[in-house]
Every structure is written in structure tokens, then in C-alpha cells.
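Next come the chains, spelled out residue by residue.
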Amino acid sequence: MSRFINNKSKHRFLIALLTTLFISGCATISQPQSNQVEIAPHTLVSLPTPAQLGYSLTASQLITATWQHTNHQLPVQLQVTPQALALAGFSSWGSRILSLDYTHQQLTTYVMPGLGSTLPEPKQVLFNMMITLWPLSAWQQPLQHIGWQLKQTANQRQLIDDKGMVIADINYQNTNKLKGTITFVNHQPNYTITIKTLHYQRQ
């Protein structure tokens, strides 16, 4: 875990695994942004609302990115109510290194100063969580708007682009998505993200 902060090259490697984008410039609290995220070059999708999860949730999760048998981890706290969503990622010593607030279809993000080019963009971390946890119905309209689709069968989802190509496979160990490990395999580029919920409360 200490490698996550102390080695910049490994930070850059983690970005490539967790997201397909890099952020640049000074890392500060940003001005509110729209609830859109880039899921492919020049392709933006609107995120579902917090309320569309269908319940309130507080969860501690561990995101592990794997590339060529090398693992990197990011502990994350997630809180969702019908009105708002808050997400925070932490270092191995417990300091908040990135965070995001989502309310009224606006996002406000933060990355610890000095780490702006070495950490995953909070919006991309949120997208990974929402595409795995939010119900299929919450994603249908946003994805249809850009010609993409999300298919679900039993304990698997597939994210398919406007050309019919499978961009990602999402596999669940348990029909309750908050139990067991969620495996997110992105085929372009080829990397794997696992999301393990360590503790959660839902209402």
C-alpha cells in the first residue's frame, strides 16, 4: 500500500489501469462540473443521479487494479442518499487524496495538491462504481443517447459501444452486488479492476 503514494511511476501506472484518461495541472478543489464523464475519446455520457441507485448506501470499498500480474490498491469510502453522493479515496496512512461530491446534477472534485498528474480522476472512479452498482434501468437512457448499451445476464454485465464492440465485461460473485468481488475487465486497453465492498449499510 505504501507504494501507492511514494512511487510516482506506479501512480501513473494506476491511472492507466483505473481510467482511460489522465488529469493535468494543479490539483485543487474544482468548480462544479456537469454530471458527464468521458468513457471513450470524444464520447461523453451523463451519469445517473444518486437517487437512481434506489436506496441510501454507506460503503467502504477497496479498488484493486491489475495489469500484467501487478496489483495496485485504492481504499474508497462511498456515501449515497437520494439527494447527494460523496466519494473519497485515501492513502495508505489514511489521508484523503481525492474526493467527489455529486448533487443537483453537478460534480465537485478534489485531488490532493501535488498529486494532480499521478492519481485517477475522481469522475472516472465514480463512473466505474456506478456502472457496476446502479441498476440497469438507470443506465439505459444515458447510454442510448450515445448509441451505447449495457446488457445484463445473471451475474454479468457487458458495456457495448455504438459499433457493437464489447468494451467491458463486469462479473459479480454474488447476486447481491455489495457482497463478493466485482470484476471489471476493460478490453481496450486490457486491464482488470476489482471492487470489493469491505463493509456497507443500506437503507
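The structure reproduced in this document is the subject of the present report. Here the structure is a predicted model, which is why all the values come from computation and not from measurement. (Residues numbered from 1 in each chain as written. Predicted model: local features only at pLDDT ≥ 70, side-chain atom pairs only at ≥ 80, totals over all residues. Heavy atoms only, no water.)

1. Points about the overall build of the protein chain
Put simply, the test is: Only DSSP runs of H or I covering at least 4 residues are called helices, and only runs of E covering at least 2 are called strands; the numbering of each starts at the N terminus. Buried, partly exposed and exposed residues are distinguished by accessible area as a fraction of the type maximum, computed with a 1.4 Å probe on protein chains only: under 20%, between the cut-offs, and over 50%, respectively. What makes two residues a contact is simply this: any of their non-hydrogen atoms within 4.5 Å. Surface accessibility in these figures is a Shrake-Rupley result with a 1.4 Å probe; residues are shielded only by whichever protein chains are displayed.
A count of helical and extended segments in the protein chain gives four helices and 13 strands. For the protein chain, the proportion of its 203 residues judged to be buried stands at 46%. Partitioning the contacts of the protein chain with sequence separation of at least 6, the portion at a separation of at least 24 is 51%. Summed over its atoms, the accessible surface of the protein chain is roughly 9,900 Å², and 49% of this surface lies on carbon and sulfur atoms.

2. Looking at the pattern of salt bridges
The criterion, for reference: What counts as a salt bridge is simple: a side-chain nitrogen of Lys or Arg found within 4 Å of a carboxyl oxygen of Asp or Glu.
Tallied over the full model, the rule gives one salt bridge. Close ionic contact of D162 with K163 constitutes a salt bridge, the shortest N to O distance being 3.9 Å. Judged by its relative accessible area of 68%, K163 falls in the exposed class.

3. Points about helix α3 (residues 122–133)
Where we set the bar: Each helix should span, by expectation, one fewer than its residue count multiplied by 1.5 Å.
Helix length check: α3, at twelve residues, gives a terminal C-alpha distance of 16 Å against a target of 16 Å (1.5 Å per residue), a fit within 8%. Judged by how many residues are buried, α3 sits mostly within the fold: twelve of twelve residues are covered. Of the positions making up α3, those classed as buried are P122, K123, Q124, V125, L126, F127, N128, M129, M130, I131, T132 and L133.

4. Regarding unusual backbone geometry
Residue H104 is not a glycine yet carries a positive backbone phi of 50°. In this structure, H104 sits in the loop between β7 (96–103) and β8 (106–111). Take H104: its relative accessible area is 72%, and that puts it in the exposed class. In this structure, A154 is a non-glycine residue whose phi angle is positive, near 50°. Its place among the elements puts A154 in the loop between β9 (149–153) and β10 (156–160).

5. Focus: the environment of T66
With respect to the helices, strands and loops of the structure, T66 is situated in strand β4 (residues 57–67). Taking the relative accessible area as the measure of exposure, T66 reaches 25% and is therefore partly exposed. Residues T66 and I193 lie 127 residues apart in sequence; the distance between their C-alpha atoms is 6.3 Å.

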